[in-house]
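Observations on chain architecture
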Amino acid sequence: MMPQQSMDRCEVSENYHHHSPGVQGSQRRLVSGLLLWVGLLTVSHVVSITLLVITRPHALPLPEIVSAPKPTADSSLSITLEPQRVPWQMLTFEPTSIDDNDVSVARSGIKWKTQSKANNFVSLKGGSLTINQDGCYFLYLQVTLETPEVSGQHIVRVNKPNSVLLEVRMNNTSLSTGFLGRAVDLAASDTLTVTVSPGARINTTYTATYLGIIGPKLYL
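Everything quoted here is computed from the prediction, not taken from an experiment. (Residues numbered from 1 in each chain as written. Predicted model: local features only at pLDDT ≥ 70, side-chain atom pairs only at ≥ 80, totals over all residues. Heavy atoms only, no water.)

**Brief notes about the overall build of the protein**
Rule in force here: By the criteria applied, helices consist of DSSP H or I runs no shorter than four residues and strands consist of E runs no shorter than two, each listed in order from the N terminus. When a residue's accessible area, from a 1.4 Å probe over protein chains only, is under 20% of the maximum for its type it is buried; when over 50% it is exposed; and in between it is partly exposed. By definition, residues are in contact when any of their heavy atoms lie within 4.5 Å. Throughout, the Shrake-Rupley method with a 1.4 Å probe supplies accessible areas, and for residues the shown protein chains are the sole cover considered.
Helices and strands together make up the secondary structure of the protein, namely 2 helices and 10 strands. Per-residue burial over the protein gives 26% buried out of 220 residues. Sequence-distant contacts, at least 24 apart, represent 71% of the contacts inside the protein between residues at least 6 apart. For the protein, the accessible surface area stands at approximately 15900 Å², while carbon and sulfur atoms represent 60% of it.

Written as structure tokens, this is what we have:
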């Protein structure tokens, strides 16, 4: 038995030495292929990075940021504001004393007075009102009677030459026109009168009887 086992080992050893050179050659070829593949991959990466750097657009320069100067203790901001001009002016008139507004005066025209100083678009002289410039005006009025002189209706009118601007009728029970208003075109030198017909005694309290005019303001 021993000689047979020795012979088998010899055959295995011979077979091993007979096939060993072929196995080693395959390993060498495999290693060489891997090295070649790694080399090509490295070269391709280098070429790609080089092209990327060459073809990359140049970055635009950032705009320069200019900061506003900080205010100092000596610097001051001065703003000049022009006074705003109001294009309209309002004047309010009230009747004169009751002695001057008897029945006959009320029939011909109520006499007026005012506390306003700036009345450049209306002149007040002797209780009469005269317009100083052409324009559109807003008139408002209220007339209240003390007692009716006759039974029936009373007619209150606001007149300019040859024209009636406002008219209202009131009976013995009301004794007041209430608030009246209207926009009218007036010319320079027009005179305004307020009449009561038939004549009656006027309540001269400024909250009971008044005349107001809103008109364009003159800047002299």
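Okay, back to it.
**Brief notes about the side chain of T209**
We apply this condition: Identification of polar contacts relies on pairs of N or O atoms within 3.5 Å, with a donor-acceptor requirement for protein atoms, meaning one able to donate a hydrogen and the other able to accept it, and with residues adjacent in sequence counted only if both atoms are side-chain atoms.
Structurally, T209 is set in the loop between β9 (191-197) and β10 (210-216). A distance of 3.1 Å separates a polar atom in the side chain of T209 from the backbone nitrogen of T144. Once you skip the residues sitting within four places of it in the chain, T209 turns out to touch E94, P95, W112, Q142, V143, T144, I202 and N203.

**Notes on the pairing of strand β7 (residues 163-170)**
For the record, the criterion: By the convention used here, strands pair only if DSSP detects at least 2 bridges between them.
Bridging between strand β6 (residues 154-160) and β7 involves 7 bridges; their strand directions are antiparallel. Within the sheet, the bridge partner assigned to N159 lies in β7 and is V164. Linking β6 back to β7 in an antiparallel pair, the connection comprises 2 residues, with N162 at a positive phi of about 65°.

**Thoughts on a nonpolar patch on the surface**
Applicable threshold: Each patch groups residues whose relative accessible area exceeds 30% and which form no salt bridge, using 9 Å between like charges and 5 Å between nonpolar side chains of Val, Leu, Ile, Met, Phe, Trp and Tyr. Whenever Lys or Arg places a side-chain nitrogen within 4 Å of a carboxyl oxygen from Asp or Glu, that contact is recorded as a salt bridge.
A grouping of W37, V38 and L41 is seen on the molecular surface, where their side chains present a nonpolar patch of about 300 Å² in accessible area. The exposure class of W37 is exposed, given its relative accessible area of 53%.

**A look at the packing of aromatic side chains**
How we decide: Pairing of aromatic rings covers Phe, Tyr and Trp, the last through its six-membered ring, and needs centres within 6.5 Å; plane angles under 30 degrees mean stacked, over 60 mean edge-to-face, and all others mean tilted.
The full count for this structure, using the stated rule, is 4 aromatic pairs. A connected cluster of aromatic rings, assembled from ring pairs, spans F138, Y140, F179 and Y210.

**Comments concerning unusual backbone geometry**
Here the amide bond leading from S197 into P198 is cis, since omega sits at -10°, within 30 degrees of zero. Relative to the elements of secondary structure, P198 occurs in the loop between β9 and β10. Backbone geometry places N162, a non-glycine residue, at a positive phi of 65°. Mapped onto the fold, N162 is located in the loop between β6 and β7. Overall, N162 belongs to the exposed group, its relative accessible area being 86%. In the Ramachandran plot, S189 falls in the positive-phi region, its phi being about 80° despite a non-glycine side chain. Here S189 lies in the loop between β8 (180-186) and β9. Taking relative accessible area as the criterion, S189 reaches 55% and is therefore assigned exposed.

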